[in-house]
Amino acid sequence: MALTDETRAISLTQDDIAKAMELSCEAGWNQLPDDWRLFLAQGRVFGLVQEATLAATAAIMPYGSNIAWISMVLTRKAFRGRGFGTALLRHCIAEIEKEGRTAFLDATPAGEPIYRNLGFEPSERFERWQGDGGAQKPTLAQPAPDFAVKAANVAFGADRSFLLRDFIRRSPMTFRSMGTAHAFGRDGRLATQIGPVTGGDEGTVIELVDAVIASLEGPVFLDVAAHCTGLAAHLKTAGFNKQRPFLRMKKGPHDWPDRPAASAVIAGPEFG
């Protein structure tokens, strides 16, 4: 579907957060107003309005100078099947390519065929695990923010300091360190989302994740990299359940640099 005068993409503002929240809540997603606020402050959110209603959204979040994340591709149930989501996706891709960036996104199985048809190629795989926190007193000290943020940026392969510092502000209980492993996280509508978690040694990552989970209350989400089989097995033993897979996909020439301190847990499909 091509955008027409009747389906022209508009740029959303902070005044549209309540309307955007209606879409993410209807879809059963974990976002809070703070997540939409961050997209609007640091990236761009586009929408389609039909019948005086925000019918669909899609967001772009730039990281560093080479890449941008596409996410928050949502269509209200009453307007699905009309191609609105795909139209906004094409709009986001065009915007990213105009800037000379590579587009990345984390796809669900349902979305993967759509993204492949738009020229996206598969990259890394992740799996969401859900469980409960232990509501215990924290056992680890908070790391120095500058050091932890820098290490996480190296692991990710691009500068997203603004995102990580926002996570620290929102959820200081998840900001912990053990050796060269570092954990961040954020509060959510349905669960606390742990991630990103970085560290080259999986054993240390498992210890760090255990300590963070123990200090939290209520439901917890982690989106674990497929290569971290030890962490996934540990979460299963700890009573966590596997929910859904995600496939990281890209459209453009940018490749990740060598990352010695790999990302074991991502920030979530909306943030990468």
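Residues numbered from 1 in each chain as written. Predicted model: local features only at pLDDT ≥ 70, side-chain atom pairs only at ≥ 80, totals over all residues. Heavy atoms only, no water.

Caption draft 1: Examining the pattern of salt bridges more closely. With the rule as written, the count across this model stands at 22 salt bridges. Between Arg76 and Glu22 there is a salt bridge, and its shortest N-O distance comes to 3.0 Å. Remark: Glu22 occurs in helix 1 (residues 17-26) and Arg76 occurs in the loop between strand 4 (67-75) and helix 3 (84-98); sequence separation between them is 54 residues. Its salt-bridge partner being Lys251, residue Glu97 comes within 4.0 Å of it at the nearest N-O pair. (Salt bridge = Lys/Arg side-chain N within 4 Å of Asp/Glu carboxyl O. Helix = DSSP H or I, 4+ residues; strand = E, 2+ residues; numbered from the N terminus.)

Caption draft 2: Spatial organisation of the environment of Leu164. Turning to its location among the elements, Leu164 is positioned in helix 6 (residues 161-170). Distance in space between the C-alpha atoms of Leu164 and His234 is 26 Å, their sequence separation being 70 residues. Those residues in contact with Leu164, other than ones at most four positions away along the chain, are Val149, Ala152, Asn153, Phe184 and Pro196. (Contact = heavy atoms within 4.5 Å.)

Caption draft 3: Region of the structure containing helix 5 (residues 145-156). The end-to-end C-alpha distance of helix 5 is 16 Å, a good match for the 16 Å that 12 residues give at a rise of 1.5 Å each. Residues of helix 5 that are buried: Ala148, Val149, Ala152, Asn153, Ala155 and Phe156. For helix 5, the angular spread of the buried residues around the axis is 160°, confining them to a single face. Exposed side of helix 5, more than 90 degrees from the buried face: Asp146, Phe147 and Lys150 are the residues found there. Immediately downstream of helix 5, the backbone of Gly157 shows phi near 100°, a positive value. (Expected span 1.5 Å × (residues − 1). Buried < 20%, exposed > 50% of the residue type's maximum accessible area, 1.4 Å probe, protein only. Arc of directions from axis to C-beta.)

Caption draft 4: Here's a closer look at the environment of Leu247. Structurally, Leu247 is set in strand 11 (residues 241-251). In sequence terms Leu247 and Ile70 are 177 residues apart; their C-alpha atoms lie 13 Å from each other.

Caption draft 5: Quick peek at the packing of helix 2 (residues 33-42) against helix 6. Where helix 2 contacts helix 6, the two axes come as close as 12 Å, and the packing angle between them is 150°. Looking at the two axes, helix 2 sits roughly antiparallel to helix 6. Remark: the crossing between helix 2 and helix 6 carries right-handed chirality. Between helix 2, through Asp34, Asp35, Leu38 and Gln42, and helix 6, the contact on the second element is made entirely by Phe162, Leu163, Asp166, Arg169 and Arg170. Residues that form the contact of helix 2 with helix 6 fall into these classes: 3 nonpolar, 1 polar and 5 charged. (Axes fitted to C-alpha atoms, helices over the stretch in contact; angles between N-to-C directions. Parallel < 35°, antiparallel > 145°, perpendicular 65-115°, else oblique. Left-handed = near helix turned anticlockwise from the far one by under 90°. Nonpolar A, V, L, I, M, F, W, Y, C, P; charged D, E, K, R; others polar.)

Caption draft 6: How the structure looks around unusual backbone geometry. Here the residue pair Gly195 and Pro196 is connected by a cis peptide bond, since its omega of 5° sits within 30 degrees of zero. With respect to the secondary-structure elements, Pro196 resides in strand 9 (residues 192-198). Unlike most non-glycine residues, Met72 shows phi in positive territory, near 55°. What makes Met72 buried here is its relative accessible area of 2%. Positioned with a positive phi, Ala135 is a non-glycine residue whose angle comes to about 55°. Structurally, the position occupied by Ala135 is in the loop between strand 6 (121-132) and helix 5.

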